[in-house]
Amino acid sequence: QVQLVESGGGLVQTGGSLRLSCAASGTIFSIMDMGWYRQAPGKQRELVAGITSGGSTNYADSVKGRFTISRDNAKRTVYLQMNSLKPEDTAIYYCNAEGVRTIATMRNYWGQGTQVTVSS
């Protein structure tokens with residue numbers, strides 16, 4: 001059974017930093033793309049940042065220059081370093097893994113979400 005377990009959320013003041021981690025567990029042969037999404041109250045879930053297995057990255061315009069996504073393929077873990085946080089970054093952040101190959105299937109998975117709150 002594959003699970004994505006997130007950690008690192010919390011409360012921070014404007015201008016502060018947080019680092020999110022998401023570790024995939026289970027008998028996994030490979031993972032294609034990994035990413036972070038967020039959903040603020042009353043808004044749709046949106047892509048924050050993504051990274052391929054080869055290390056290519058993409059970011060939402062709103063976080064470019066402030067957030068950095070990285071991954072450790074050996075540890076099946078993806079990270080999101082968030083700097084210069086703003087109140088509008090407040091949301092539940094979800095980890096996503098696409099093309100997760102196990103002995104039986106290849107499918108996508110979501111983490112349970114971690115709350116990030118930025119106070120003004």
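Above this text is the structure in question.
Residues numbered from 1 in each chain as written. Predicted model: local features only at pLDDT ≥ 70, side-chain atom pairs only at ≥ 80, totals over all residues. Heavy atoms only, no water.

**Q** Give a detailed account of the overall build of the protein, specifying residues and quantitative values.
**A** Looking only at helices and strands, the protein features zero helices and 11 strands. Scanning the protein from its N terminus toward the C terminus, one meets helices and strands in the order β-β-β-β-β-β-β-β-β-β-β. Taken along the three principal axes of its C-alpha coordinates, the protein extends 45 × 25 × 25 Å. Of all intrachain contacts in the protein linking residues separated by at least 6 positions in sequence, the fraction that spans at least 24 positions is 55%. When the accessible surface of the protein is summed, it comes to about 6,400 Å², and 48% of that surface belongs to carbon and sulfur atoms. Positive and negative side-chain charges of the protein, numbering 12 and 8 respectively, have mean locations separated by a distance of 4 Å. (Helix = DSSP H or I, 4+ residues; strand = E, 2+ residues; numbered from the N terminus. Contact = heavy atoms within 4.5 Å. Areas by Shrake-Rupley, 256 points an atom, 1.4 Å probe, with all protein chains shown as cover. Lys, Arg positive; Asp, Glu negative; His and termini not counted. Charge placed at Lys NZ, Arg CZ, Asp CG, Glu CD.)

**Q** Explain the pairing of strand β4 (residues 33–39) residue by residue, including any values.
**A** A large share of β4 lies buried, amounting to five of its seven residues. In terms of strand pairing, β4 meets strand β9 (residues 91–101) through seven bridges, oriented antiparallel. Directly across from D33, in β9, lies its bridge partner E98. In terms of strand pairing, β4 meets strand β5 (residues 46–51) through five bridges, oriented antiparallel. Counterpart to Y37 in the pairing with β5 is L47. (Buried < 20%, exposed > 50% of the residue type's maximum accessible area, 1.4 Å probe, protein only. Pairing = 2+ DSSP bridges.)

**Q** Any details on the nonpolar core? Residues and values, ideally.
**A** One finds W36, V48, F67, V78, L80, M82 and Y93 to be the most contacted residues of the largest nonpolar core, which totals 31 residues. Here the element with the most residues in this core is β9; it accounts for five residues. Beyond its immediate stretch of four places on either side in the chain, V48 contacts W36, Y37, R38, N58, Y59, A60, V63, F67, L80 and Y93. (Core = buried A, V, L, I, M, F, W, Y, C linked by side-chain atoms within 4.5 Å.)

**Q** Run through the sheet that holds strand β3 (residues 18–25), naming residues and quoting values.
**A** If you walk across this open sheet you meet the four strands as β1-β3-β8-β7, and the pairing is antiparallel. The outermost strands of the open sheet, each flanked by one partner alone, are β1 (3–7) and β7 (67–72). The sheet shows a mean angle of 15° between the axes of neighbouring strands, taken without regard to direction. Pairing of β7 with strand β8 (residues 77–82) involves six bridges; the strand directions are antiparallel. Paired with S70 across the two strands is Y79, which belongs to β8. (Axes fitted to C-alpha atoms, helices over the stretch in contact; angles between N-to-C directions.)

**Q** Tell me about unusual backbone geometry, residues and numbers included.
**A** The backbone of R76 shows a phi angle near 55°, a positive value even though the residue is not glycine. With respect to the element layout, R76 can be found in the loop between β7 and β8. Even without glycine at this site, S84 takes up a positive phi of about 50°. Within the secondary structure, S84 is located in the loop between β8 and β9. Judged by its relative accessible area of 40%, S84 is partly exposed.

**Q** Hey, could you go over the pairing of β3 for me, with residue numbers and the actual values?
**A** Sheet topology places β1 next to β3; five bridges connect them, and they run antiparallel. Along β3, the bridge assignment pairs E6 with C22. Sheet topology note: the β3/β8 ladder contains six bridges and is antiparallel. By the bridge assignment for β8, S21 is matched with Y79.

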